[in-house]
Structure formats: structure tokens, C-alpha cells
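Inside the fold
What follows is the residue order along each chain.
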Amino acid sequence: MQNKEIRKRRRIFLALSLLWMAVIFYFSGQTGTESGTASGFFAEIFGLPDWIIRKGAHVAEYAVLGFLLKGFFDCLPLKKTYFYAWGISVLYAASDELHQMFSAGRTPAVRDVCIDAAGAALGVGFMCLVTAVRCKRKVL
């Protein structure tokens, strides 16, 4: 990839990562009632327990963040970019839980940071797979 293409790709992944962090920040700022209503709605639609929807949302949110951050770091000449993407995702998850302390009816939980970390690992791993397939196709 040429430098101009790399810079453009980095800017896109950075913008998407920051936008996604803002989405996560918005959701963690909801009150306990607002959050419960939203998860209850989806639990009813899918016929699943509320806690599965809530924890599934944690995994999905951070899988997307890990994927986007890995895309950003892939453009840098760094080794172990997966660790940078995962580490920033986990730090953001911890800060997100602290943010919930200031939202009525919400409490921070270390368990949720662990769930978020697992989601980020899935997203980073998926981006590694996408990158590997893309690179292999270029070689063939």
C-alpha cells in the first residue's frame, strides 16, 4: 500500500474508532432505567434472559472497538499491533465502568470489564483473520 493510501486508511479507522467510543460513552451514560428498558425490549424480541442481552451488548460493543482499533494500528510499523488495540480497548472499558458511577441507577463492575476485554479480543482476532486472508489473496 502506498503512503497516501495508508494515511487515508488510518484516518478512517481512527475516526470510526473515536465515533464508536462516543457511542459506547453515550450508552454508559444512560440511567439504569433507560438501559434496563432497552435491554428488556431486546430480551422480549429474542426471547432471551435480560442478562444475556446486557452481557452480549458488552461483548458486541467491544468487539467492534477492538476490530476498529486493530485496523488503525495495522497501518503502523509496530510489532504486536493486536496488543495495542486490545490494551486500549480494555483501558477504555475500565474508564467506561467508572463513567457509569455517575449515571443514576448504574454501578461499575470489574466483571463487565472482563466481558468487554473478551469482546475486544474477539474483534481484534477477527481483524487479524481479515488481514491474513487479505494478505494471502495478494500473494496468490
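Residues numbered from 1 in each chain as written. Predicted model: local features only at pLDDT ≥ 70, side-chain atom pairs only at ≥ 80, totals over all residues. Heavy atoms only, no water.

A word on the overall build of the chain
Assigned secondary structure in the chain consists of five helices and zero strands. Order of helices (α) and strands (β) in the chain, N terminus to C terminus: α-α-α-α-α. Structurally, the chain occupies a C-alpha span of about 50 × 30 × 20 Å along its principal axes. Expressed as a percentage of the 140 residues in the chain, the buried residues total 36%. Within the chain, counting contacts between residues at least 6 apart in sequence, those at least 24 apart form 71% of the total. Looking at the chain as shown, the accessible area adds up to about 8,800 Å², and 71% of this sits on carbon and sulfur atoms. Put simply, the chain has 17 plus and 10 minus side-chain charges, and the middle of one group is 17 Å from the middle of the other. (Helix = DSSP H or I, 4+ residues; strand = E, 2+ residues; numbered from the N terminus. Buried < 20%, exposed > 50% of the residue type's maximum accessible area, 1.4 Å probe, protein only. Contact = heavy atoms within 4.5 Å. Areas by Shrake-Rupley, 256 points an atom, 1.4 Å probe, with all protein chains shown as cover. Lys, Arg positive; Asp, Glu negative; His and termini not counted. Charge placed at Lys NZ, Arg CZ, Asp CG, Glu CD.)

So, the packing of aromatic side chains
Applying the stated criterion to the full structure yields five aromatic pairs. Among the aromatic side chains, those forming a connected cluster through ring pairs are F72, F73 and Y84. (Phe/Tyr/Trp six-rings, centres within 6.5 Å; stacked < 30°, edge-to-face > 60°.)

Observations regarding a nonpolar patch on the surface
On the surface, F41, F42, I45, F46, L48, W51 and I52 cluster together into a nonpolar patch covering about 740 Å² of accessible area. Secondary structure elements with two or more residues in the nonpolar patch: α2 (32–46) and α3 (50–74). Look at L48 and you get partly exposed, because its relative accessible area is 38%. (Patch = residues over 30% accessible without salt bridge, like charges linked within 9 Å, V, L, I, M, F, W, Y side chains within 5 Å. Salt bridge = Lys/Arg side-chain N within 4 Å of Asp/Glu carboxyl O.)

As for a positive patch on the surface
Together, K4, R7, K8 and R11 make up a positively charged patch on the protein surface. Mapping R11 onto the fold places it in helix α1 (residues 3–28). Judged by its relative accessible area of 55%, R11 is exposed.

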